[in-house]
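Listed here are the chains, written in short residue letters.
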Amino acid sequence: NCIVTLPSTINRIKFLYKDNLKIKLTALLICGEPFYYDSLKFITDKLKPKYLFNCYGSTELSPWVFSYKYEKKDLYEIKNIGLVPIGRSFYNVNTLVKKDELLINGPMVNEYLSSKQNDQNHKIISKKLWYLTNDKIKIVKNLFYILGRSDSVVKLRGYRIELRGIEAKIREYVHIKNCFVFLSPEKNKKIIAAIETNKKNITKSLENFLSKNLQNYMMSKGFIFYTNFPKNKNGKVDRKLIKDCYKK
């Protein structure tokens, strides 16, 4: 009656089971990946756990360092941003925000970060070792939202664009199993959306849907369709491989 899992696992359940699942789920803990609004809606409509949490942490931090307990009063902001917040930090976690990037200090920061090969992952500030999460954040009503990695918040033709925000809107389209949005490698960069779906010939209807939900400068200029996204050795979407395939 208690499940700890990734949003991508919830997404697979969503497309495998169309009816209500006859289970009595006491607690569902989500972690490890961005937790989008569409997954939240499926969870609250179909799985209906008594308690729902979103937890945040990384290998370099050993355990989780943030957690959020879902409450309906936060639904407006979650739907507007398209992502579930990671909430607030644990009592022994120190946080710092530099250029919208989250930095973390505390006993959970592994010592190996101080070695030379990991210089890019840490910074000494006021004689303290801070881990650079490389995650861009937004704080709304004292709740932390992870908008994406530093390379997922881009500037294109004078506009600051959050690629995760585009992904969140694409995922609201009924036939989308998963998606990954990135900038093409050409000199004149453009937004490309890799789409995981079982449906064929949906480009036009998807573009019509997005034109009603996104500003023109946020529209994807190209789509790559997959029946199943390639996975890396950790079982997560292999974003690097998808980018490399686009280059070819």
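Reading guide: rules and limits
Residues numbered from 1 in each chain as written. Predicted model: local features only at pLDDT ≥ 70, side-chain atom pairs only at ≥ 80, totals over all residues. Heavy atoms only, no water. Core = buried A, V, L, I, M, F, W, Y, C linked by side-chain atoms within 4.5 Å. Buried < 20%, exposed > 50% of the residue type's maximum accessible area, 1.4 Å probe, protein only. Helix = DSSP H or I, 4+ residues; strand = E, 2+ residues; numbered from the N terminus. Contact = heavy atoms within 4.5 Å. Salt bridge = Lys/Arg side-chain N within 4 Å of Asp/Glu carboxyl O.

Q: What should I look at first to understand the nonpolar core in this one?
A: Side chains of nonpolar character tend, in soluble globular proteins, to be buried together. By size, the foremost hydrophobic cluster in this structure holds 23 residues, and its most contacted members are Leu-28, Leu-40, Ile-43, Leu-52 and Ile-78. Breaking this core down by element, the ones donating at least two residues are strand 2 (27-30), helix 2 (37-47), helix 3 (75-81) and strand 10 (143-149). The element contributing the most residues to this core is helix 2, with 5 residues. The contacts of Ile-78, once residues within four sequence positions are left out, are Tyr-37, Leu-40, Tyr-68, Tyr-70, Leu-83, Val-84, Pro-85 and Tyr-145. Membership of the second largest hydrophobic core comes to 20 residues, among which are Ile-166, Ile-202, Leu-206 and Phe-223.

Q: Just to check I follow, could you spell out the environment of Met-108 for this structure?
A: Among the secondary structure elements, Met-108 is positioned in the loop between strand 7 (101-105) and strand 8 (122-125). On a C-alpha basis, the gap between Met-108 and Val-93 in space is 7.9 Å, while along the polypeptide they are 15 residues apart. With residues up to four places along the chain from it excluded, the contact list for Met-108 reads Glu-60, Leu-61, Ser-62, Pro-63, Val-65, Asn-92 and Val-93.

Q: I'm lost on the pattern of salt bridges in this one. Help?
A: Any two side chains of opposite charge can pair if their charged atoms end up close together. A full pass over the atoms with the stated rule returns 10 salt bridges. One salt bridge in this structure joins Lys-73 and Asp-74, with 3.3 Å as the shortest N-O distance. The class for Lys-73 is exposed, based on a relative accessible area of 58%. For Asp-74, a relative accessible area of 5% puts it in the buried group. Ionic pairing is found between Glu-167 and Arg-239, a salt bridge with its closest N-O pair at 3.6 Å. Placement of the pair is Glu-167 in helix 4 (residues 163-171) and Arg-239 in helix 6 (residues 239-247), with a sequence separation of 72 residues. A relative accessible area of 2% means that Glu-167 is categorised as buried. Here the salt bridges share partners, and the residues they tie into one network are Lys-14, Asp-38 and Arg-171.

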